[in-house]
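Okay, here's what each chain looks like letter by letter:
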Amino acid sequence: MVPSKCRPGRGPRAAPGPVNNCLQLVIQTSSIADKNKPFEFRINKEQSSFHNRLLQHDLEKNYSGRQDNTNFGSSSTITSFPVLQRTAEEKILNSDRLTLERQKLTVCPIIDGEDHLRLLNFQHNFITRIQNISNLQHLVFLDLYDNQIEEISGLSTLRSLRVLLLGKNRLKKISNLENLKNLDVLDLHGNQITKIENINHLGELRVLNLARNLLTIVENVNGLDSLTELNLRHNQVCAIKDVDTLPCLQRLFLSFNNISSFEDILCLADSSSLSDITLDGNPIAQETWYKHTVLHHMMQLRQLDMKRITEEERRMASVAARKEEERKRESHKQTLLKEKKRLTICNIAHQWEIQQNRVALVASLNPDKDNEPCQINGSAAYVFPEESRSLDTILSSAVQGLSVLESHLVEVEGDTLYLYGSGALECLDRNWSVQTAGTVVTVSFMFIEFDEIVQVLTKLKIKFPNSVHLKFKETNLVALQQFNALAQVNRIEQLTVDPQGNPVVSFTLWKYYVLFRLNHFNLQKINGIEVTQNDIVMAERLFGILAYVASSELPHYRMLSLLGESRRKQFHYLLEGKGKKSGIGNEEMSNDNRRAGGESTARATLNYSTKDFHMEKLEEIKERKTLCQTYIENLVKEAADINMKNESLQKLWPQMFIELVRDAVIEIRNKNSYMKLCLQRIADQK
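Cut-offs and rules
Residues numbered from 1 in each chain as written. Predicted model: local features only at pLDDT ≥ 70, side-chain atom pairs only at ≥ 80, totals over all residues. Heavy atoms only, no water. Helix = DSSP H or I, 4+ residues; strand = E, 2+ residues; numbered from the N terminus. Contact = heavy atoms within 4.5 Å. Areas by Shrake-Rupley, 256 points an atom, 1.4 Å probe, with all protein chains shown as cover. Pairing = 2+ DSSP bridges. UniProt positions renumbered as here; feature names shortened; annotations may be inferred. Phe/Tyr/Trp six-rings, centres within 6.5 Å; stacked < 30°, edge-to-face > 60°. Buried < 20%, exposed > 50% of the residue type's maximum accessible area, 1.4 Å probe, protein only. Polar contact = N/O pair within 3.5 Å; in protein donor to acceptor, adjacent residues only side chain to side chain. Core = buried A, V, L, I, M, F, W, Y, C linked by side-chain atoms within 4.5 Å. Salt bridge = Lys/Arg side-chain N within 4 Å of Asp/Glu carboxyl O. Axes fitted to C-alpha atoms, helices over the stretch in contact; angles between N-to-C directions. Parallel < 35°, antiparallel > 145°, perpendicular 65-115°, else oblique. pLDDT = per-residue confidence, 0-100. Patch = residues over 30% accessible without salt bridge, like charges linked within 9 Å, V, L, I, M, F, W, Y side chains within 5 Å.

A word on the overall build of the chain
Broken down by element type, the chain carries 15 helices and 27 strands. The long-range fraction of contacts in the chain, counting pairs at least 24 apart against all pairs at least 6 apart in sequence, stands at 49%. Entry remark: accessible area of the chain is about 39000 Å², with carbon and sulfur atoms responsible for 52%.

Rendered as structure tokens:
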């Protein structure tokens, strides 16, 4: 593999070789007056181990690792670069290769008369720029490992180059490789590269090493049709793209990156050629499902994290992956349901807000009908500034962009029944199973007008007999008398009224009124706070006189009706045998009596009529008034007609009487004719 085998060793140097391994450097500068006398020094260099780093490349078999006898001189025209010259003997021994590693070079020397070179090694120097090698057009192998190069340049003429090793430099960008179309191995590990780019034209590239860089996303690898090995170890990779388009990729090394989910490498599942992959050192490798999921989606793999995969592991991975897939599907389903629930509740809340704004707007546009401003959520209603616009136009702008979702939601979670939106009240008419209905202990109402809730309280008592806790949030509870309606429920042990959307909670004495009016329920908690005996006594002191006043003003027939209902409940309770029990204390007996007799007659007079019911009553009274008025008017008109006829008769009667007598005398004057006439009339009638 490139990263391990293309890296030079830094161990102890080998013993000096024969005289052929002696390196002679001859440096001459044109600035010295006596430039015909070169300055010479010798360096004994270790035997190169470079041939061990070529990954069985086709050049490796011809590389013997011999050291060159090299002469560095100076050019008469270029004074800043040393000129390299080799002896004839060295040229014969290593005609196509040149090794200049560990020479403390800061620049590439000018290499004269070496146009036939195929292998050039500049390892472990201090070179900052690639230059002076453009004439080596037969160069196949170029090693610049462990230098200080900051930019790839000076390679445009090396069209025969097949191996380029630039590991452990200071490169920040991949560039200037356009003409290296025959490149077979490209090693760029240990640099500062942040993006893969400008390599799509390297169709012959087989090995690409980008380990120990600063990559975060693997992309732009299209066109590398011959790539078989890609090394991305020790980067910051968190997502992989386009790798599935590489038709020949067999080995992919992704160890020690930031891959945290299988979705980040999902494209690898579509690669049919990939046989070896490493993901150890990533967050994903710590997951329990890691191995099973990878093997399930990449059935073609032979090795994972450098370990051979067995058939048993594949089988177990397939089973585990199916279970994990089912779990994920279920989790995804639950997530979708939660999101749908959230969106539905948001939609219901929007509709509720629009409804409240509509009420407030109507109230503000009709101040004569109601002197008090409409209260929404405990504050004065918002009045739209453009009162000249129609109501529909104003409200349409409020709902613009709102998704079409359910207008209500019914949910049973644990022992709680949640009802969102007024349409949810219709669910009480369902055929609830006995088990489900029996488990419901708490009923929560949200975004529903309290007056609408009042109409279904009797159904609630029948459908959910074990419900003892009522919750109200955004139900527009604005007056104390609305609590009177809760007396219809079978029993209540806890009552929760959220301040949000219920202005009545701002009243200081609302809890005491609830305790007084619902005294027969023996409430235990209100808004999560335990009810004490002192609270009950205080409630009686504050509102006891109210029940007396209400009962004294009640009509006699209505009082008798309420009294009869109370007696009926007491008698029914006694028949069940709950009136007298041995061993029951006075306090428990008192509570039983309250439950047995239900609400007292005085408290029963404190009832609540919804706005709709009140309006219906008003309409009924109005209709009756109209009917009575019409009936009386008809009676008066008929009596007036009768009186008028009577007066007319009194005036005409004397004359009529005279005419009647006269006609009778004339008719009976001829007795026989009169009798015949009468008989004729009788015959005609038959």
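Having put the structure on the table, let's press on.
Topic: the sheet that holds strand β7 (residues 119-121)
Taken together, eleven strands build an open sheet; the order of strands is β5-β7-β8-β9-β10-β11-β13-β15-β16-β17-β18 and the sheet is mixed. Each having just a single partner strand, β5 (97-99) and β18 (307-308) make up the two edges of the open sheet. Examined bridge by bridge, strand β17 (residues 303-304) and β18 share two bridges and lie antiparallel to one another. By the bridge assignment, glutamine 303 is partnered in β18 with arginine 308.

Remarks on the sheet that holds strand β24 (residues 469-473)
With respect to topology, seven strands assemble into an open sheet ordered β21-β22-β23-β24-β25-β26-β27, the strand pairing being mixed. Each edge of the open sheet is held by one strand with a lone partner, namely β21 (409-413) and β27 (529-530). Judged from the four bridges that link them, β24 and strand β25 (residues 494-497) form a sheet pairing that is parallel. Paired with lysine 471 across the strands is threonine 496, a residue of β25.

Here we look at the UniProt feature "coiled-coil region" (unreviewed entry) in the chain
Mapped onto this numbering, the UniProt entry gives "coiled-coil region" (unreviewed entry) at residues 309-342. Here residues 309-342 is 94% helix and 0% strand, with 45 Å between the C-alpha atoms at its ends.

Quick notes on the packing of aromatic side chains
When we look at a pair of aromatic rings, we describe it by the centre distance and by the angle of the planes. Overall, the coordinates contain nine aromatic pairs when judged by the stated rule. With centroids separated by 5.8 Å and ring planes inclined at 20 degrees, the aromatic side chains of phenylalanine 483 and tryptophan 510 adopt a geometry described as stacked. Here tryptophan 510 lies in helix α9 (residues 510-517) and phenylalanine 483 lies in the loop between β24 and β25, a separation of 27 residues in the sequence. For the pair shown, phenylalanine 483 and tryptophan 510 are each scored as buried. Taken together, a centroid distance of 6.1 Å and an interplanar angle of 50 degrees make the contact between tryptophan 653 and phenylalanine 657 tilted. Here the residue tryptophan 653 and the residue phenylalanine 657 both occupy positions in helix α14 (residues 611-668), the gap between them amounting to four residues, near one helical turn.

Let's talk about the side chain of asparagine 121
With respect to the helices and strands, the residue asparagine 121 is situated in strand β7. Among the polar contacts made by the side chain of asparagine 121, one reaches the side chain of glutamate 101 at a distance of 3.1 Å.

Considering the nonpolar core
Counting 69 residues, the largest nonpolar core has Phe122, Leu142, Leu164, Ile240, Leu252 and Leu268 as its most contacted members. Ranked by residues supplied to this core, first place goes to helix α3 (residues 290-297) with three residues. Those residues in contact with isoleucine 240 that lie beyond four places of it in its chain are Val218, Leu254, Ile259, Asp264, Ile265, Cys267 and Leu268.

Some points on the environment of threonine 245
For threonine 245, the location among the structural elements is in the loop between β14 (239-240) and β15 (251-253). It is 7.3 Å that separates the C-alpha atoms of threonine 245 and serine 271, two residues lying 26 residues apart in sequence. From its side chain, threonine 245 meets the backbone oxygen of aspartate 242 in a polar contact 2.4 Å long.

Points about the pattern of salt bridges
Overall, the coordinates contain twelve salt bridges when judged by the stated rule. Among the salt bridges present, the one from glutamate 312 reaches arginine 315, with a minimum N-O distance of 2.7 Å. Of the two residues, glutamate 312 and arginine 315 are both situated in helix α4 (residues 311-365); the distance of three residues between them amounts to about one turn of the helix. Arginine 491 serves as the salt-bridge partner of glutamate 493, at 3.7 Å between the closest nitrogen and oxygen. Arginine 491 sits in the partly exposed class, given a relative accessible area of 35%. In this structure, a network of salt bridges that share partners links the residues Lys341, Glu411 and Glu413.

Brief notes about the packing of α3 against α4
Where α3 meets α4, the axes come as close as 8 Å, and the angle between the chain directions of the two elements is 100 degrees. Between α3 and α4, the angle is such that the two are roughly perpendicular. Across the interface between the two elements, Lys291, His292, Leu295, His296 and His297 of α3 pack against Glu313, Met316, Ala317, Ser318, Ala320, Ala321 and Glu325 of α4.

Description of the environment of asparagine 198
Mapping asparagine 198 onto the fold places it in the loop between β10 (185-187) and β11 (207-209). Through-space distance from the C-alpha of asparagine 198 to that of serine 175 is 6.0 Å; in sequence the pair is 23 residues apart. The contact partners of asparagine 198, leaving out residues within four places of it in the chain, are Lys173, Ile174, Ser175 and Leu177. Within the local environment of asparagine 198, its side chain forms a polar contact with the backbone oxygen of isoleucine 174, the two atoms lying 2.7 Å apart.

Looking at the pairing of strand β4 (residues 82-86)
Buried residues dominate β4, accounting for four of its five residues. With two bridges joining them, β4 and strand β6 (residues 110-111) adopt parallel strand pairing. Bridged to leucine 84 within β6 is isoleucine 111.

Points about the confidence of the model for the chain
For the chain, mean pLDDT is 76; residues scoring 70 or higher make up 73% of the total. Per-element confidence in the chain ranges from a low mean pLDDT of 31 for strand β2 (residues 39-44) to a high of 95 for β11. This model gives residues 74-79 a pLDDT under 50, and the stretch forms eight contacts once residues within four places in sequence are excluded. Confidence drops under pLDDT 50 across residues 577-598; counting only partners more than four residues distant or on other chains, this segment forms 21 contacts.

Notes on unusual backbone geometry
The residue asparagine 132 is not glycine, and still its phi comes out positive at about 65 degrees. Looking at the secondary structure, you find asparagine 132 in the loop between β7 and β8 (141-143). Residue asparagine 198 is not a glycine yet carries a positive backbone phi of 60 degrees. The class for asparagine 198 is partly exposed, based on a relative accessible area of 32%.

As for the side chain of serine 175
When you line up the elements, serine 175 lands in the loop between β9 (163-165) and β10. Residue serine 175 is classed as buried on the basis of its relative accessible area of 12%. Ignoring sequence-local partners within four residues, the contact set of serine 175 consists of Ile152 and Asn198.

A look at the pairing of β24
On a regular strand, one side chain projects to one face of the sheet and the next to the other, so that they alternate. Sheet topology places strand β23 (residues 442-446) next to β24; five bridges connect them, and they run parallel. Across the sheet, residue methionine 446 finds its bridge partner in β24, namely lysine 473.

Quick notes on a nonpolar patch on the surface
A surface patch of nonpolar side chains, about 750 Å² in accessible area, is lined by Leu649, Leu652, Trp653, Met656, Phe657, Leu660, Val661 and Val665. Counting through the fold element by element, methionine 656 comes out in helix α14. Since its relative accessible area comes to 34%, methionine 656 is described here as partly exposed.

Some details on the environment of isoleucine 127
Along the polypeptide, isoleucine 127 turns up in the loop between β7 and β8. For isoleucine 127, a relative accessible area of 0% puts it in the buried group. Distance in space between the C-alpha atoms of isoleucine 127 and leucine 144 is 8.4 Å, their sequence separation being 17 residues. In this view, isoleucine 127 contacts Leu105, Thr106, Val107, Cys108, Phe122, Leu144, Asn147, Gln148 and Ile149; residues no more than four positions away in its chain are not counted.

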